[in-house]
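# Examining the three-dimensional arrangement
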Amino acid sequence: MQSVSDIWSMILARLREDLSETTIKTWFDETTVVALEGNNLILHCPNSFKRSNIQDRFLPNIEAGLKDIFSADMTVRLLDDDGLKRYQSNEAEKPTSLMESGEFTFDTFVIGPSNRLACSAARAVADAPGQHYNPLFIYGDSGLGKTHLLYAIAHVIREKNRQSKILYIKGDEFINDFIESVRSGKAGDFRTKYREADLMLVDDIQFVAGKVETQNEFFHTFNTLYESKKQIVLTSDRPPHEMAQLDDRLRTRFEWGLMADVQPPVLETRVAILKNKAAQLGFILSDEIANYIASKITANVRQLEGTVKKIKAFKDLDGVEVNTATVDRALQDMSRSSEFIITPDSIIKEICRYFRLEEEQIKGQSRSRDSLNARQIAMYLIRRMTSLSLDETGKVFGGRDHSTVLNSINKVEKKMKSDPTYAETVKAIITNINSTK
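### What about the pairing of strand E8 (residues 258–261)?
Here E8 shows a buried face lined by Leu258 and Ala260 and an unburied face lined by Met259 and Asp261. Where strand E4 (residues 136–139) meets E8, 4 bridges bridge the pair, whose relative direction is parallel. Its bridge partner being in E8, Tyr139 is matched across the sheet by Asp261.

### Some remarks on the environment of Glu173
Topologically, Glu173 is positioned in helix H7 (residues 171–184). For the pair Glu173 and Phe207, spaced 34 residues apart in sequence, the C-alpha to C-alpha distance is 9.4 Å.

### Remarks on the pairing of strand E6 (residues 199–203)
Burial analysis of E6 places 5 of its 5 residues in the buried class, the great majority of the element. Side chains Leu199, Leu201 and Asp203 of E6 all project onto a buried face; the interleaved residues Met200 and Val202 project onto the opposite face, where all are buried too. In this structure, E6 lies alongside strand E7 (residues 231–236), joined through 4 bridges in parallel fashion. Along E7, the bridge assignment pairs Leu199 with Gln231.

### A look at the sheet that holds strand E1 (residues 32–37)
An order of E1-E2-E3 is seen for the 3 strands of this open sheet, with the pairing classed as mixed. The open sheet is flanked by E1 and strand E3 (75–79), the only strands paired with a single partner. If you compare each strand with its neighbour and ignore which way they point, the axes differ by 25° on average. Note that E1 and strand E2 (residues 40–44) share 5 bridges and pair antiparallel. Paired with Val33 across the bridge in E2 is Leu43.

### Here's the deal with the packing of aromatic side chains
Under the defined criterion, the tally for this structure stands at 18 aromatic pairs. Between Phe174 and Phe218, the aromatic rings sit 5.2 Å apart at their centres with planes inclined by 80°, giving edge-to-face as the arrangement. Highlighted residues: Phe174 in helix H7 and Phe218 in helix H9 (residues 212–227), separated in sequence by 44 residues. Residue class for Phe174 comes out buried when judged on its relative accessible area of 1%. When its relative accessible area of 1% is taken as the criterion, Phe218 is described as buried.

### Here's the deal with the confidence of the model for the protein chain
This prediction gives the protein chain a mean pLDDT of 85; 92% of its residues lie at or above 70. Here residues 92–96 scores under 50 on pLDDT; set against residues more than four positions off or in separate chains, the count is 2 contacts.

### As for the side chain of Asn53
The topology assignment puts Asn53 in helix H3 (residues 48–70). Engagement of the side chain of Asn53 in a polar contact is seen with the backbone oxygen of Phe49, the distance being 3.0 Å. Residues in contact with Asn53, not counting those within four places in the same chain, are Trp27 and Phe58.

### Notes on the pattern of salt bridges
Enumeration over the complete set of coordinates arrives at 20 salt bridges. The partner of Arg16 in a salt bridge is Glu21, with the nearest N and O atoms 2.8 Å apart. Residue Arg16 is classed as partly exposed on the basis of its relative accessible area of 37%. Several salt bridges converge on common partners, so that one network encompasses Asp29, Glu30 and Lys50.

### Here's the deal with the packing of helix H11 (residues 267–280) against helix H12 (residues 287–296)
The N-to-C vectors of H11 and H12 enclose an angle of 120°; their axes lie 9 Å apart at closest approach. Here H11 lies oblique to H12, going by the angle between them. As for the relative orientation of H11 and H12, their crossing is right-handed in sense. Only Asp287, Ala290, Asn291, Ile293 and Ala294 of H12 make contact with H11, whose side of the interface consists of Leu267, Arg270, Val271, Leu274 and Lys275.

### Some thoughts on H7
Its 14 residues place the ends of H7 20 Å apart at the C-alpha level, agreeing with the 20 Å of an ideal helix rising 1.5 Å per residue. Of all the positions in H7, only Gly171, Phe174, Ile175, Phe178 and Ser181 are classed as buried. Considered in projection along H7, the buried side chains sweep an arc of 130° and stay on one side of the axis. Residues of H7 that are buried sit in contact with strand E5 (166–170), helix H8 (187–195), E6 and H9. The positive-phi residue at the C-terminal boundary of H7 is Gly185, with phi of around 70°.

### Concerning the packing of H7 against H9
Where H7 meets H9, the closest approach of the two axes is 10 Å, and the angle between their N-to-C directions is 100°. Classed by the angle they form, the pair H7 and H9 counts as roughly perpendicular. Only Glu213, Thr214, Glu217, Phe218 and Thr221 of H9 make contact with H7, whose side of the interface consists of Phe174, Ile175 and Phe178. Here the contact of H7 with H9 is composed, by residue class, of 4 nonpolar, 2 polar and 2 charged.

### With respect to the sheet that holds E5
The strand order across the open sheet formed by 5 strands is E5-E6-E7-E4-E8, and the pairing between neighbours is parallel. Each edge of the open sheet carries a strand with a single partner, namely E5 and E8. Between one strand axis and the next, the sheet turns by 15° as a mean value, whatever way the strands run. The strands touched by helix H5 (residues 116–127) within the sheet are E4, E7 and E8, with E8 carrying the most contacts at an inclination of about 140°.

### Notes on the side chain of Arg270
Mapped onto the elements of the fold, Arg270 is located in helix H11. Glu268 is the oppositely charged side chain nearest to the buried, salt-bridge-free Arg270, at an N-O distance of 7.3 Å. In this structure Arg270 touches Pro265, Ala294, Ile297, Thr298 and Leu304, once residues within four positions along its chain are discounted.

### Remarks on unusual backbone geometry
Between Asn134 and the following residue, Pro135, the backbone shows a cis peptide bond with an omega angle of 5°. Take Pro135: it is sitting in the loop between H5 and E4. Look at Arg356: it is not a glycine, yet its phi comes out positive at around 55°. Note on placement: Arg356 falls in the loop between helix H15 (344–355) and helix H16 (359–363).

Calculation rules
Residues numbered from 1 in each chain as written. Predicted model: local features only at pLDDT ≥ 70, side-chain atom pairs only at ≥ 80, totals over all residues. Heavy atoms only, no water. Buried < 20%, exposed > 50% of the residue type's maximum accessible area, 1.4 Å probe, protein only. Helix = DSSP H or I, 4+ residues; strand = E, 2+ residues; numbered from the N terminus. Pairing = 2+ DSSP bridges. Axes fitted to C-alpha atoms, helices over the stretch in contact; angles between N-to-C directions. Phe/Tyr/Trp six-rings, centres within 6.5 Å; stacked < 30°, edge-to-face > 60°. pLDDT = per-residue confidence, 0-100. Contact = heavy atoms within 4.5 Å. Polar contact = N/O pair within 3.5 Å; in protein donor to acceptor, adjacent residues only side chain to side chain. Salt bridge = Lys/Arg side-chain N within 4 Å of Asp/Glu carboxyl O. Parallel < 35°, antiparallel > 145°, perpendicular 65-115°, else oblique. Left-handed = near helix turned anticlockwise from the far one by under 90°. Expected span 1.5 Å × (residues − 1). Arc of directions from axis to C-beta. Nonpolar A, V, L, I, M, F, W, Y, C, P; charged D, E, K, R; others polar. Lys, Arg positive; Asp, Glu negative; His and termini not counted.

Here's what the structure looks like:
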């Protein structure tokens, strides 16, 4: 793991492969590194002549070196003295919200086969709000980047027009706002807040399902914004047709625009996410360590990023070397925190709680209807939410063979497609697992 200064030293070493030592000393002797923010390296050169030449002649070389180090596209921002003063002044005025920060932008979103459609659609919406894919409905399990895309859309639109009225709300907050407006007799204020937005972003819209009056209010809010050609973007842990208690009027409207899913990232994407997050935090994660972490965490981007933050803390605070032992320690710490790692045991524990069964009834030989149902769902979720193979999953359940596990998974998938209530049950268990503290 390197500091920002170390990274600049590595860049200079790479420049020396193409440039002479005289050229390096002539043009870079007054250049210093200021910070690494997200995918942006910030440099300072007080000499305006040298700064101009670096900008015109050597910027591609520096960016190529950064890509070689971080395995990601990076940009360089070169400041003069006035620019450095403005930068330092701005540092004292940090963004007041995540939407205004540079942490959750399209530049910091790692694209892979599991999220490419959702990211492309989000970019199209940000470039032309209200004109394409309205509403945009993004769905997938917790921790896969849905909220990141909402913030990225907001970031682009706010950069284009600081006067845009952008409203970000979670589904349960909308419910609470509505209930409070009824209780306090301020329905007019509530409607003004929601129906005059230029961009409405609603996270976890699934929470409104089953709330009759809330759904009715959201229906009218949706119609008002849609008819005014205002952009609506919704996220959920499932597609509309799997929300058994969702009002049909809302279901059809949610499906009017584009529905895009995000799936757990494949290995290559997980590695890229880890290295990208490390770059944002100002250090380099080796391929060996990135692959090791990616083999341990297979289904949650938030946990990948949390592990990188934990590793950096160990390095900065404890001075430990980054190796597999450090990673294992970080994973153990996270498993005891709110950013826990999903394991077969945590899945089985939640299923036992949900169905009010004992662990032995699920893992053992019980053939009761409730036990079989819970066992099949447990196998399905372990295969989906962890990296265990079919054979490894079978061992969790008393040594059952892979064909038994595969048969159980197929039964769950088939029933989810034909029985909305059953699908709702499985989705609720997934949500509970992902939100366990």
